[in-house]
Amino acid sequence: MRRHGARQRLGCWRPFCAYADSQAAALLDDLADGGTGLVQTASVLADELFRAFGIAEAAPITRDGEIRSTAWSGDLKPPLLRWAKAHGIVVLGE
């Protein structure tokens, strides 16, 4: 199983996960404005998916609706940070 840069093996309790799913409830208005509520909901969904594969949480986003800039890299990071600033989302690690 791949380690993805981690010291310990990553993965679910079985050698392979057949699938993972996640559910969350959110107010449509919180999602539509593209702000903190959207990031909070995405965090809930992502955390559940990550847990299915043995990873405690999705590090790039928090349940408080914040973005951890140190967890993002590459071409996606600059536009993501611009989007966060435009929508009043707190960015940690800057």
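Residues numbered from 1 in each chain as written. Predicted model: local features only at pLDDT ≥ 70, side-chain atom pairs only at ≥ 80, totals over all residues. Heavy atoms only, no water.

For the protein, the count of helices and strands is 3 helices and 2 strands. The helix and strand sequence of the protein, counted from the amino end, reads α-α-β-α-β. A buried classification covers 22% of the 94 residues belonging to the protein. When contacts within the protein are restricted to residue pairs at least 6 apart in sequence, long-range pairs at least 24 apart make up 39% of them. (Helix = DSSP H or I, 4+ residues; strand = E, 2+ residues; numbered from the N terminus. Buried < 20%, exposed > 50% of the residue type's maximum accessible area, 1.4 Å probe, protein only. Contact = heavy atoms within 4.5 Å.)

The subject of this paragraph is the nonpolar core. Ranked by size, the top nonpolar core spans 8 residues in total: V39, A46, A58, I61, I67, L80, A84 and I89. Broken down by secondary-structure element, the contributors of at least two residues to this core are α2 (36–52) and α3 (77–86). In this structure I61 touches V39, A42, S43, A46, E66, I67, R68 and W72, once residues within four positions along its chain are discounted. (Core = buried A, V, L, I, M, F, W, Y, C linked by side-chain atoms within 4.5 Å.)

With respect to the helices and strands, the residue S43 is situated in helix α2. In this structure S43 comes out as buried when scored by relative accessible area, which is 0%. When residues no more than four places from it in sequence are discounted, the contact partners of S43 are I61, T62 and R63.

Counting through the fold element by element, T41 comes out in helix α2. When its relative accessible area of 16% is taken as the criterion, T41 is described as buried. Beyond its immediate stretch of four places on either side in the chain, T41 contacts A24, A26 and L31.

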